[in-house]
Structure formats: C-alpha cells, structure tokens
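# Report on the structure
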Number of protein chains: 2
Amino acid sequence: MAHVRLTLTMASGARIGPGKAELLESVRASGSISAAARAMGMDYKRAWLLMDSLNRAFATPAVERVTGGPGGGGAVLTPFGEELLARYRRIEAAAARMAEADLEALEHQAAPDPGPKV
Amino acid sequence: MAHVRLTLTMASGARIGPGKAELLESVRASGSISAAARAMGMDYKRAWLLMDSLNRAFATPAVERVTGGPGGGGAVLTPFGEELLARYRRIEAAAARMAEADLEALEHQAAPDPGPKV
C-alpha cells in the first residue's frame, strides 16, 4: 500500500521519525532497550544510540532506565516519551488520512516495476 | 524552526520526498537537470539518477528531455511531473499546518543543544 512517511525535525536538528517511534513502542512493549532492539532486528548499540539521541534532544528524557523488579531492571517510557510518541502518531495518522486520495490517484499511475530505488 | 519532513511511498517502493520535490522545482526553474543540480549543489549524476528513478516509478515520465531552442535543449516537467509535485506540496503543506501546535509544544521542550544526531 502507498503510504506517508513522516519525520518531525526540531529547530535544533533533533528529529523523530518512523524508526524512533517504532523503537519507543517496542521499548514500551518489551520493557527494555535490548529486548526492543531484538524484536526489531536492530543491534543493541544502534537502538541505544537512537534512544540516547532522543533523550538528549529534549529537556526531559523520553526513555529511562529502571532497576530491580523480576527481570532485573530495564527501560520504560517517561510521561514525556508517551507524549512525544502520541504526538508523532497523531500527526502521522492525520497526514495519512489527508494524503489518502492523492496517494490513491498516484498509485493508479505507478509503474508495475519501477526498477532500482534511488 | 521545527518542521515536518514527508515522503510518499508507493506500493512498489517508489518514493518522492523533499529532495526529489526540490529537484523537480529546480528543473522547472532552470530548464535542465544539470543546471538544477548545480543550483542545489548536487552532482549531476545523482540528480540524473533521482529523476530517472522518478520517471521509472510511474507509467508517465515526470521530467522529459527537450531538444533545440536557444539553450540547445534541456529538461522540462511533464504535466504528470507538475501533478506529482503539486500533490506532494499540497500534502506537505497540509501536514505542516496540522502539526503546527504539536511541533510548537515539542519545541518548547527541546534541549538547547541536543548533541550529535543519530
């Protein structure tokens, strides 16, 4: 299906796009960055760097470490992390709805095999 | 300023984002792919590949070669190229308007110096 891919870029250059949004959801679902990375087939170092860059991008961290508990600790979304994710998904969903007719019109004009992507 | 960056992806994987949209506008303004590339500080080969991938992505080319004339020929947008560009810019503008309040709220929470981008 044709779709819209959206990235929000702050004045500082910090950004959140589909990859970080999915990773935030994966951290929320799995309770740790390493489990989230595994679930996404991403290496841990990359997942950690993505979350660290997000944490540095805003005054409040989006993800924080938790210690103890049955699994010996992990990571959770902070309230700001939830807010960031919700804002991103809301904008993305609205953009997708708004682009629907245009995407459908373009899809009808798409070539069956567009060749290599650039 | 905080902003939205948007890419439209067709079912085939073909896509158009800010780079190709700007290049289409630059071709329209300059009348050739090489002049458009120069104006954007992009090398000719990359500009040509981007336009070629766009032309292959749809049943109708977006950019076509013109021959003769005072400048010895060049490139112009086809009616489909104009349509594609107009649809892209319309969706982008609508997404930007819609994201305005969210981006402003996030910008207020942005760190002054977010460190290196990942």
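Residues numbered from 1 in each chain as written. Chains lettered and ligands numbered in written order. Predicted model: local features only at pLDDT ≥ 70, side-chain atom pairs only at ≥ 80, totals over all residues. Heavy atoms only, no water.

### Some thoughts on the overall build of chain A
Assigned secondary structure in chain A consists of four helices and four strands. For chain A, the N- to C-terminal ordering of α and β elements is β-β-α-α-α-β-β-α. In terms of overall dimensions, chain A is more spread out than a globule: its C-alpha atoms have a radius of gyration of 17 Å, far above the 13 Å expected for 118 residues. Judged by the C-alpha coordinates and their principal axes, chain A covers about 55 × 30 × 25 Å. The buried share among the 118 residues of chain A stands at 47%. The contacts of chain A with a sequence gap of at least 6 include a subset with a gap of at least 24, amounting to 47%. Of the roughly 5900 Å² of accessible surface on chain A, 54% is carried by carbon and sulfur atoms. Looking at chain A, you have 14 positive and 13 negative side-chain charges, and the mean spots of the two groups are 8 Å apart. (Helix = DSSP H or I, 4+ residues; strand = E, 2+ residues; numbered from the N terminus. Rg over C-alpha atoms; globule rule 2.2 N^0.38 Å. Buried < 20%, exposed > 50% of the residue type's maximum accessible area, 1.4 Å probe, protein only. Contact = heavy atoms within 4.5 Å. Areas by Shrake-Rupley, 256 points an atom, 1.4 Å probe, with all protein chains shown as cover. Lys, Arg positive; Asp, Glu negative; His and termini not counted. Charge placed at Lys NZ, Arg CZ, Asp CG, Glu CD.)

### Quick notes on the packing of aromatic side chains
Residue and element names in this part refer to chain B. Applying the stated criterion across every chain, the model contains two aromatic pairs over all chains. Residues F58 and F80 carry aromatic rings whose centres are separated by 5.0 Å and whose planes lie at 55 degrees to one another, so their mutual orientation is tilted. With F58 in the loop between helix 3 (44-57) and strand 3 (63-66) and F80 in helix 4 (residues 79-108), this residue pair connects regions lying 22 residues apart in the sequence. Note on accessibility: F58 and F80 belong to one class, buried. (Phe/Tyr/Trp six-rings, centres within 6.5 Å; stacked < 30°, edge-to-face > 60°.)

### Re the relation of the copies chain B and chain A
Each of the two chain copies can be generated from the other by rotation about an axis followed by a shift along it. When chain B is brought onto chain A, the operation consists of a screw motion whose angular component is 180 degrees and whose axial shift is 0.0 Å, with 0.0 Å RMSD remaining. Between the two chains, the operation in question is that of a two-fold axis. No C-alpha of chain B approaches the rotation axis more nearly than that of L6 of chain B, which lies at 2.3 Å. Of the interface residues in chain B, 100% have counterparts in chain A that sit at the interface too, so the contact is made through matching surfaces. (Least-squares fit on C-alpha atoms with pLDDT ≥ 70 in both.)

### Examining the interface of chain B and chain A
Taken together, the contact between chain B and chain A spans 47 residues of the former and 47 residues of the latter. Between chain B and chain A, a total of about 4100 Å² is buried, with carbon and sulfur atoms accounting for 63% of that surface. At the surface where chain B touches chain A, the tally comes to four salt bridges. Ionic pairing is found between D102 of chain B and R90 of chain A, a salt bridge with its closest N-O pair at 2.4 Å. At the boundary of chain B with chain A, the tally comes to 16 residue pairs in polar contact (both at pLDDT 80 or more). (Buried area = accessible area lost by both parts, 1.4 Å probe. Salt bridge = Lys/Arg side-chain N within 4 Å of Asp/Glu carboxyl O. Polar contact = N/O pair within 3.5 Å; in protein donor to acceptor, adjacent residues only side chain to side chain.)

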